[in-house]
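Breakdown of the fold
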Amino acid sequence: MGADVGQMGFTVSWGLSKALDEKTYKAIVSNLVMTESSSGVQKGVAMGEYAIGVGFEWNAYNYIAGGQEELKVVYPEEGTFLSVDYVGLVKNAPAGAKAKEAVDVILSKEAQTELLKVGFRRPSRSDIKVSDYVKMPELDTIKTIPIDELAAADAREGFLKDWDALPKAGESK
């Protein structure tokens with residue numbers, strides 16, 4: 001099983017630790033092979049190097065849309081978690097008006113639809129039906145588990161220390 005080691009890897013690993021009971025989590029981690037990047041997970045699955053991969057849906061859908069039809073995104077019936085993208089403005093910034101214009105463009109229906117169509121990024125808007133544009137399920141059909149991202153950030157250092165101590169596939173600890 002492939003999983004990446006960067007920021008996406010942390011987010012996925014943290015989410016797994018919260019979504020699964022400890023025994024299942026440790027069993028999954030013990031079968032992980034860490035990749036150098038998030039794209040390595042899907043590439044490894046597509047090449048038959050890993051039976052399954054754990055990662056973000058948009059990354060997998062890019063491979064599927066690119067012709068890797070043997071790949072399939074599976075949402076666990078027990079639930080999965082969301083990790084949101086952010087855009088924000090700095091109060092009283094020198095270019096605040098221009099920055100607001102940029103944010104308005106990014107959040108426009110047109111831009112959000114294009115980000116969905118070309119990058120499989122779920123829209124921030126509720127007036128865009130995902131399945132009208134791509135072969136992805138609507139979010140309300142996927143069971144989700146709430147994840148506290150602030151708690152994840154606060155616990156990052158300790159979590160990564162514990163993560164490093166867990167045995168993973170191919171390691172000799």
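That block above? That's the structure.
Throughout what follows, the structure given in this document is the object of discussion.

Conventions adopted
Residues numbered from 1 in each chain as written. Predicted model: local features only at pLDDT ≥ 70, side-chain atom pairs only at ≥ 80, totals over all residues. Heavy atoms only, no water. Helix = DSSP H or I, 4+ residues; strand = E, 2+ residues; numbered from the N terminus. Contact = heavy atoms within 4.5 Å. Areas by Shrake-Rupley, 256 points an atom, 1.4 Å probe, with all protein chains shown as cover. Lys, Arg positive; Asp, Glu negative; His and termini not counted. Charge placed at Lys NZ, Arg CZ, Asp CG, Glu CD. Buried < 20%, exposed > 50% of the residue type's maximum accessible area, 1.4 Å probe, protein only.

1. Brief notes about the overall build of the protein chain
Each helix and strand in the protein chain was counted, giving seven helices and four strands. Sequence-ordered secondary structure for the protein chain, helices as α and strands as β, is β-α-α-β-α-α-β-α-α-β-α. Structurally, the protein chain occupies a C-alpha span of about 55 × 40 × 30 Å along its principal axes. Once local pairs closer than 6 in sequence are excluded, the contacts in the protein chain between residues at least 24 apart make up 60%. Accessible area for the protein chain stands at about 11200 Å²; split by element, carbon and sulfur atoms hold 55% of it. Each charge class in the protein chain was averaged separately, 20 positive and 26 negative side chains, and the resulting centres sit 2 Å apart.

2. Observations regarding the environment of Tyr25
Turning to its location among the elements, Tyr25 is positioned in helix H2 (residues 22-30). The spatial distance from the C-alpha of Tyr25 to the C-alpha of Ser13 is 9.2 Å, given a sequence separation of twelve residues. Not counting residues up to four positions away in its chain, the partners in contact with Tyr25 are Ser13, Leu16, Ser17, Leu20, Phe159, Trp163 and Leu166.

3. Let's talk about helix H3 (residues 38-46)
By the criterion of burial, H3 is predominantly enclosed, with seven of the nine residues buried. All of the buried residues along H3 are Ser38, Gly40, Val41, Gln42, Gly44, Val45 and Ala46. At the exit of H3 stands Gly48, carrying a positive phi of roughly 80°.

Shape is all these values report; function is a separate question.
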